[in-house]
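A closer look at the structure
Given next are the chains, with one letter for each unit.
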Amino acid sequence: MKRSIPTPYLVFGFLALLWGMTFLFNKIAGGVVSPMQIVMVRVVIGFLPVLAFALSRKVLRWEHVRYIHHFVVMSLMAATVYYFAFAKGISLLPTSTAGMLSVAIPLFSFVGAAIFLRSEPVNFRSITGLLIGFGGVIVIARPWDANIASNDLTGVLYIAFGSACVGLSFVYARKFLSPLGISPIALCTYQLGLSSLTTMVIGDFDGLEMIFTDWKAAGSLFIGLGLLGTGMAFMCYYYLVEQLGAIKTSSVTYIPPVIGLLTGVLILGETISMTDIIATAAILSGTLVMQSSRTPVATTQSVKTTSDCSITAAKQCDQT
């Protein structure tokens, strides 16, 4: 009798696919609308199912308003600015390159934790891993190559900035939000809700209707990035945290960059060099070396995710 694959692992693969496909969806939608318009539609469409889920769980509280300044910071770092930087970077770079560079997110998270939390073990192994990882990023960027266009370097900087924002948001969440004991579902709702308000105020609606002239772009934006890449991904993420625990779930973040690379090559026909592949492997290896330098306690306290919510969510869900 054949054994069926457990549902949590099917959801695990589905979540990795959703996040990995966001690079492709950003690229397609970016051909019709601006990066800010992509972010605006993405967070609003993603916020609606998240809000419905939070209301069904009855986790939203009026007393949480006193912490709105923290929610605003998280909405900027882990949603508005992060999404914009990636959308802008992907519009300037090949999808495959953007995917490779996004592997650097945990590197920025490690640096932030080491500086602001002092909970990461700063030892020979962790420093070695950090240098290997950032070395890979530099090789992909190739700032010494005169043949690299200025748009490419600008795109690299946008992806690096977005990676730094979301990586540091994990650190901010651990320092300021984790002690509050607020439900992670509520945290994510506040985060996406504030991001939706921000983008609708500062966003440009001119020309947004052009998205409906291209069904691929419209589907990529509304369904791919909004409903699936943000809303559905949130649901899958919390299901996995409950079923597998935060640490196992966090490993899903290593797969999307690979999917981003493959979709760029196989679907968009982009080309990558062996040097880029080796550099990506170096970033992943550096991250794994840093992870291995942690003690079991530090690992439990430093769970890494790249979901739309914060590291607090993983930590708190794993404790319930």
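None of these values were measured; they are calculated from a predicted model. (Residues numbered from 1 in each chain as written. Predicted model: local features only at pLDDT ≥ 70, side-chain atom pairs only at ≥ 80, totals over all residues. Heavy atoms only, no water.)

1. Examining the packing of helix α1 (residues 7-29) against helix α3 (residues 68-92)
The condition that has to hold: Helix axes are fitted only over the stretch in contact, all axes being lines through C-alpha atoms; the angle between N-to-C directions runs from 0 to 180 degrees. Think of it this way: any DSSP run of H or I at least four residues long counts as a helix, any run of E at least two long counts as a strand, and we number them from the N terminus. In this scheme, roughly parallel covers angles under 35 degrees and roughly antiparallel covers those over 145, while 65 to 115 is roughly perpendicular and the rest are oblique. Two residues form a contact once any of their heavy atoms are found within 4.5 Å. Each residue gets one label: Ala, Val, Leu, Ile, Met, Phe, Trp, Tyr, Cys and Pro are nonpolar, Asp, Glu, Lys and Arg are charged, and the others, such as Gly, are polar.
Relative orientation of the contacting elements α1 and α3 amounts to 70°, with a least axis distance of 9 Å. Comparing their axes, α3 and α1 come out roughly perpendicular. Facing F23, N26 and K27 of α1, the residues of α3 in contact are F86, A87, I90 and S91. Residues belonging to the contact of α1 with α3 are distributed by class as follows: 4 nonpolar, 2 polar and 1 charged.

2. Observations regarding the confidence of the model for the protein chain
What counts is decided by this rule: On a scale of 0 to 100, pLDDT captures the predictor's confidence in every residue.
Mean pLDDT for the protein chain: 82, with 85% of residues reaching 70 or above. Confidence, read as mean pLDDT per element, is least for helix α14 (residues 311-319) in the protein chain (38) and greatest for α3 (94). Long-range and interchain partners of residues 296-320, a stretch whose pLDDT sits below 50, account for 77 contacts in this model, where long-range means more than four residues apart.

3. A closer look at the nonpolar core
Nonpolar side chains tend toward joint burial in soluble globular proteins. Formally: Nonpolar cores are built from buried Ala, Val, Leu, Ile, Met, Phe, Trp, Tyr and Cys residues. Side-chain atoms within 4.5 Å join them into one set. Three exposure classes are used, based on accessible area relative to the maximum for each residue type with a 1.4 Å probe and protein chains only: buried under 20%, partly exposed in between, and exposed over 50%.
Core analysis: the largest hydrophobic core is formed by 49 residues, its most contacted members being L15, I38, F71 and L221. Sorting the residues of this core by element identifies α1, α2 (35-57), α3, α7 (150-177), α8 (184-202) and α9 (215-244) as the ones contributing at least two each. Here this core takes 12 residues from α9, the largest share from any one element. Aside from chain neighbours lying at most four places away, what touches I38 is N26, A29, G30, V33, A87, L221 and L225. With 29 residues, the next largest nonpolar core counts L107, A141, A279 and M290 among its residues.

4. Structural notes on the layout of surface pockets
To keep it simple, the criterion reads: Here a cavity is any set of points on a 1 Å grid over the protein atoms alone where a 1.4 Å probe fits but cannot get out, and a pocket is any open set with protein on both sides within 12 Å along at least 5 of 7 lines; a residue lines the site when it has an atom within 4 Å of a point. Grid points are joined across faces, edges and corners, and a volume is the space filled by probe spheres set on the points.
Approximately 340 Å³ is the volume attributed to the largest pocket. Looking at the largest pocket, it is lined by 15 residues, and the ones nearest its centre are R61, W62, V65, I68 and Y190. Among the secondary structure elements, those contributing two or more residues to the lining of the largest pocket are α3 and α8. Per-element tally for the lining of the largest pocket: the top contributor is α8, with 7 residues. Its residues placed into classes, the lining of the largest pocket shows 10 nonpolar, 4 polar and 1 charged.

5. Re unusual backbone geometry
In this model, K58 sits at a positive phi of 55°, which is unusual for a non-glycine residue. Mapping K58 onto the fold places it in the loop between α2 and α3. Residue classification places K58 among the exposed residues on the basis of a relative accessible area of 64%.

6. So, the side chain of E270
As a reminder, the rule being used: The sign given to each residue is positive for Lys and Arg and negative for Asp and Glu; His and the chain ends receive no count. Any carboxyl oxygen of Asp or Glu that lies within 4 Å of a side-chain nitrogen of Lys or Arg is treated as forming a salt bridge with it. Pairs of N or O atoms are called polar contacts if they sit within 3.5 Å, as long as, within protein, a hydrogen donor faces a hydrogen acceptor (for residues adjacent in sequence, only side-chain-to-side-chain pairs).
As for its position among the elements, E270 is in the loop between α11 (256-266) and α12 (274-292). The charged side chain of E270 is buried without a salt bridge, its nearest counter-charge being K27 at 5.1 Å. From its side chain, E270 meets the backbone nitrogen of S96 in a polar contact 2.8 Å long. Leave out the neighbours within four places in its chain, and E270 touches P94, T95, S96, G264 and V265.

7. Digging into the packing of aromatic side chains
The cut-off we apply is this: Between 30 and 60 degrees the pair is tilted, below 30 it is stacked and above 60 it is edge-to-face, where a pair is any two Phe, Tyr or Trp rings, Trp via its six-membered ring, whose centres lie within 6.5 Å.
A complete count under the given rule lists 8 aromatic pairs for this structure. The interplanar angle of 25° and the centroid separation of 5.5 Å between the aromatic rings of F212 and F222 together place this pair among those described as stacked. Highlighted residues: F212 in the loop between α8 and α9 and F222 in helix α9, separated in sequence by 10 residues. On the basis of relative accessible area, F212 is assigned to the exposed category, the value being 61%. The structure contains a cluster of three or more aromatic residues connected by ring pairs, namely F23, Y82, Y83 and F86.

8. Structural notes on a nonpolar patch on the surface
The cut-off we apply is this: A patch consists of residues whose relative accessible area exceeds 30% and which take part in no salt bridge; residues with like charges are grouped when within 9 Å of each other, and nonpolar side chains (Val, Leu, Ile, Met, Phe, Trp, Tyr) when within 5 Å. For every accessible area listed, the method is Shrake-Rupley and the probe measures 1.4 Å; residues are considered covered only by the protein chains on display.
A cluster of nonpolar side chains, W62, V65, I68, V72 and L76, forms an exposed patch at the surface whose accessible area comes to about 510 Å². Residue position: W62 is located in the loop between α2 and α3.

9. Concerning α11
Listed as buried for α11 are P256, P257, I259, G260, L261, T263 and G264. Here the buried face of α11 lies against α1 and α4 (95-101).

10. Observations regarding helix α5 (residues 105-117)
Counting along an α-helix, one turn takes 3.6 residues, and residues three or four places apart therefore face a common direction. Note the cut-off: Under the convention used throughout, the expected extent of a helix is 1.5 Å for every residue step, that is, one less than its residue count.
Over its 13 residues, α5 runs 17 Å from end to end, which matches the ideal 18 Å to within 8%, given 1.5 Å per residue. Here α5 has its buried residues at I105, P106, L107, S109, F110, G112 and A113.

11. Examining the environment of H64
With respect to the helices and strands, the residue H64 is situated in the loop between α2 and α3. For H64, a relative accessible area of 11% gives the class buried. Once the C-alpha coordinates of H64 and A186 are considered, the two residues, 122 residues apart in sequence, prove to be 9.1 Å apart. When near neighbours in sequence (up to four residues on either side) are disregarded, H64 contacts V59, F71, I182, A186 and Y190.

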